[in-house]
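# Understanding the architecture of this molecule
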Amino acid sequence: MPTPTTQLDAAWAWAAYEPSAKKPWTKALAAHLYRRAGFAASTSELEQAQKLGAAKTIDAIFNPADAGDEKQKQDVAAFGKQMDMLGMSMTASGNPQALSSYWLFRMLYTPNQLREKTTLFWHGHFATSAAKVDDARLMLQHNDLLREHALGKFEPFVQAMSRDPAMLLWLDAATNRKIRPNENYARELMELFCLGVGNYTERDIKEVARAFTGWEVSRGHFRFNRIQHDEGTKSFLGASGNFNGDDAVRIVLEQPAASRFIARKLAAFFVAEEPSLSDELIEPLAKELRDNGFDIGRVVRRILSSNLFFSEHAVGRIVRSPVSLGIGLLRALEGKTNINNLAQALQELGQAVFYPPNVKGWDGGRTWINSSTLLGRANLVRGLLQHPETKFDGGTLEVLARKYGANTAEKRVDWLLELLVAVPVPADVRQRLIKVADGSGDANRNLVNTVHAIGALPEFQLC
């Protein structure tokens, strides 16, 4: 049994992982890194990671444009331009539902998995839905804002979110007037975005709401309406003055609870959802935020480079979200498919991007798993595998297996488990999978059946 996290030494936990004879750098650890820092890695990416070593692989994940030759740098830049054009074409229809397919396409093909995965994290944190903000242009702008700040400084991020038209419409800023302040944004700023429950009072909410009076949206743009702004003295969180919204964000982020709150959310997303890490383990990350201007990228790098991240306390300790499951399966198997169908399938499993269920985003964790969703997740795998538009490296799954030398039933099962499963499966389960892979049908059908069988395993639901 692993040591309980409550007994772990924080200095050891966040020290940089260094491969050793006892804890060597393996393809399994590389696959774990890619599942958390992105969605998944292909066999060739894992082979490259094993050659590079842990430190250089992490460098490449953080700086993909600097990790390869000049062509790779050009490809990274070209992808960004391609996505800008695709986003513009998607918004031209005025239908925000088309944006779900756009973003899934971006996740599937991005050369910068970390930024896209972190953008997905912030989408759940600053949850804003097109179900209410029925304007594709504003929702795409919101998504771009998440991506731009995903690994930057947190205060500029929150300041930008406080002026984001989609966010302000989502939280009813249009009704925030000095004679009757609307408290929605002030409440979520403290409860969901920066501090967490218990670190502010109802009076703080009322006073912060006054600071944001007059912040509104006009013709799709942020506008400060001075006439509707309360110029009086506001008192909240131990400070008093004629504060505006910028001041409110600054004062909120000066609270000691802010760094702990964000550090804990990042740790839960990248390390483990359960059990929750102790305050003693969270404090070094919180201090890193406080000491470095709330630099999110710096803390994410420390997490992804740490002993704790590469330990049994992290591997297989997160339940895959539907998006991570679907995109991860395709990226691991070098797959392409009909993105619109994928978007529909993920919506049916409860995760339509651009449509979080409420201001808290998706609950995640074990809430993704029940008897109905387990069947739905397995059906998602089957649907992706059997869709006529799905190709693996441009061909069949069987051709992909042969490309990597997986030419026997046993090798094919081990190859697939290495790519798709974070934790070892029992020996008897592996033997049953080998029988499926060695079935009486043609080789490709046997492989499809094997991947479908893996997709139904409890172990496959974890990353």
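One structure accompanies this document, and this report is about it. Not measured: the values here are computed from a predicted model.

Here the focus is the overall build of the protein chain. Counting secondary structure elements, the protein chain contains 23 helices and six strands. In terms of overall size, the protein chain behaves like a compact globule, its C-alpha atoms giving a radius of gyration of 23 Å where 463 residues would be expected to give roughly 23 Å. With the C-alpha coordinates of the protein chain rotated into their principal frame, the extents come out at 80 × 55 × 50 Å. Taking as baseline every contact in the protein chain between residues at least 6 positions apart, the subset at least 24 positions apart corresponds to 73%. For the protein chain, the computed accessible surface area is about 19900 Å², with 51% contributed by carbon and sulfur atoms. One way to put it: in the protein chain the 55 positive side-chain charges average out to a point 1 Å from where the 52 negative ones average out.

Quick look at helix α5 (residues 70-92) now. Taking 1.5 Å per residue as the helical rise, α5 with its 23 residues ought to reach 33 Å, and the 34 Å between its terminal C-alpha atoms agrees with that figure. On the buried face of α5, the contacting elements are α6 (98-109) and α8 (136-149). Once α5 finishes, Gly-94 follows within two positions and takes phi at roughly 80°, a positive value.

The residue Gly-297 is located in helix α16 (residues 296-304) in this model. Sequence-wise, Gly-297 and Thr-118 are 179 residues apart; in three dimensions their C-alpha atoms are separated by 9.7 Å. If we skip the residues at most four places from it in the chain, Gly-297 touches Phe-62, Leu-151 and Gly-152.

Let us look at the packing of aromatic side chains. This model, assessed by the stated rule, comprises 23 aromatic pairs. Taking 6.5 Å as the distance between ring centres and 35° as the angle between the ring planes, the aromatic pair formed by Tyr-404 and Trp-415 counts as tilted. Here Tyr-404 is found in the loop between α20 (397-403) and α21 (409-420), whereas its partner Trp-415 is found in helix α21, with 11 residues between them in sequence. When its relative accessible area of 18% is taken as the criterion, Tyr-404 is described as buried. Take Trp-415: its relative accessible area is 6%, and that puts it in the buried class. Above the plane of the ring of Phe-62 lies Arg-301, whose end atom (NZ or CZ) is 4.4 Å from the centre.

The next thing to look at is the pattern of salt bridges. Within this structure, the stated rule accounts for 30 salt bridges. Between Asp-230 and Arg-210 there is a salt bridge; the shortest N-O distance is 2.7 Å. Here Arg-210 lies in helix α12 (residues 202-211) and Asp-230 lies in the loop between β2 (221-224) and β3 (234-236), a separation of 20 residues in the sequence. Looking at Arg-210, the relative accessible area reads 15%, which means it is buried.

Between Glu-274 and Pro-275 the backbone carries a cis peptide bond, its omega angle lying at -10°. In this structure, Asp-172 takes a positive phi of about 65° despite not being glycine. Mapped onto the fold, Asp-172 is located in the loop between α10 (165-170) and α11 (184-194). Relative accessible area serves as the criterion here: at 27%, Asp-172 is assigned to the partly exposed category. Of note, Leu-237 is a non-glycine position whose phi angle comes to about 50°, a positive value. Among the secondary structure elements, Leu-237 is positioned in the loop between β3 and β4 (239-241).

The next subject is the side chain of Asp-204. Within the secondary structure, Asp-204 is located in helix α12. Put simply, Asp-204 is tucked away with no salt bridge, and the nearest opposite charge, on Arg-203, sits 6.4 Å away. Dropping the residues within four chain positions of it, Asp-204 is found in contact with Met-190, Phe-236 and Leu-237.

It is worth spelling out the pairing of strand β1 (residues 215-218) at this point. Sheet topology places β1 next to β2; four bridges connect them, and they run antiparallel. Looking at the pairing, Val-217 lines up with Phe-222 of β2.

In an α-helix, one full turn covers 3.6 residues, which means residues spaced three or four apart are oriented alike. When we look at burial in α16, the residues that qualify are Ile-296, Gly-297, Val-299, Val-300, Ile-303 and Leu-304. Down the axis, α16 shows its buried residues gathered within 165° of arc, on one side only. Between the side-chain oxygen of the N-cap and the backbone nitrogen of Gly-297 there are 3.2 Å, and the N-cap of α16 in question is Asp-295.

How each quantity is defined
- Every chain is numbered independently, its residues counted from 1 as its sequence is written.
- Confidence filtering applies because this is a predicted model: local features only for residues at pLDDT of at least 70, side-chain atom pairs given and counted only at 80 or more, and all residues used for totals across whole chains, interfaces and linings.
- Excluded from the side-chain calculations are hydrogens and water; all other atoms, namely the structure's heavy atoms, are used.
- A run of DSSP states H or I qualifies as a helix once it reaches four residues; a run of E qualifies as a strand once it reaches two. Both are numbered from the N-terminal end.
- C-alpha atoms define the radius of gyration, and 2.2 Å times the number of residues to the power 0.38 defines the globule rule.
- The criterion used for residue contact is that any of the two residues' heavy atoms lie within 4.5 Å.
- Throughout, the Shrake-Rupley method with a 1.4 Å probe supplies accessible areas, and for residues the shown protein chains are the sole cover considered.
- When charges are tallied, Lys and Arg are placed among the positive residues and Asp and Glu among the negative ones, while His and the ends of the chain are skipped.
- For the purpose of locating charges, the reference atoms are NZ of Lys, CZ of Arg, CG of Asp and CD of Glu.
- A helix is expected to span 1.5 Å multiplied by its residue count minus one.
- Only Phe, Tyr and Trp rings take part, Trp by its six-membered ring, and two of them pair if their centres are within 6.5 Å. Stacked means planes under 30 degrees apart, edge-to-face means over 60, and tilted covers everything else.
- Buried residues are those whose accessible area, probed at 1.4 Å on protein chains only, stays under 20% of the maximum for their type, while exposed residues exceed 50% and partly exposed ones sit between those limits.
- Placement of a positive charge over a ring is assigned whenever Lys NZ or Arg CZ falls within 6 Å of the ring centre and within 35 degrees of the normal to the ring plane.
- Within this document, salt bridges are pairs made up of a side-chain nitrogen of Lys or Arg and a carboxyl oxygen of Asp or Glu, the two lying within 4 Å of each other.
- A pair of strands counts as paired when DSSP detects no fewer than two bridges linking them.
- Directions are taken from the helix axis to each C-beta atom, and the arc is the one they span.
- As used in this structure description, the phrase polar contact means that two N or O atoms lie within 3.5 Å; if the pair is within protein, one of them must be able to donate a hydrogen and the other to accept it, and residues adjacent in sequence are counted only when both atoms belong to side chains.

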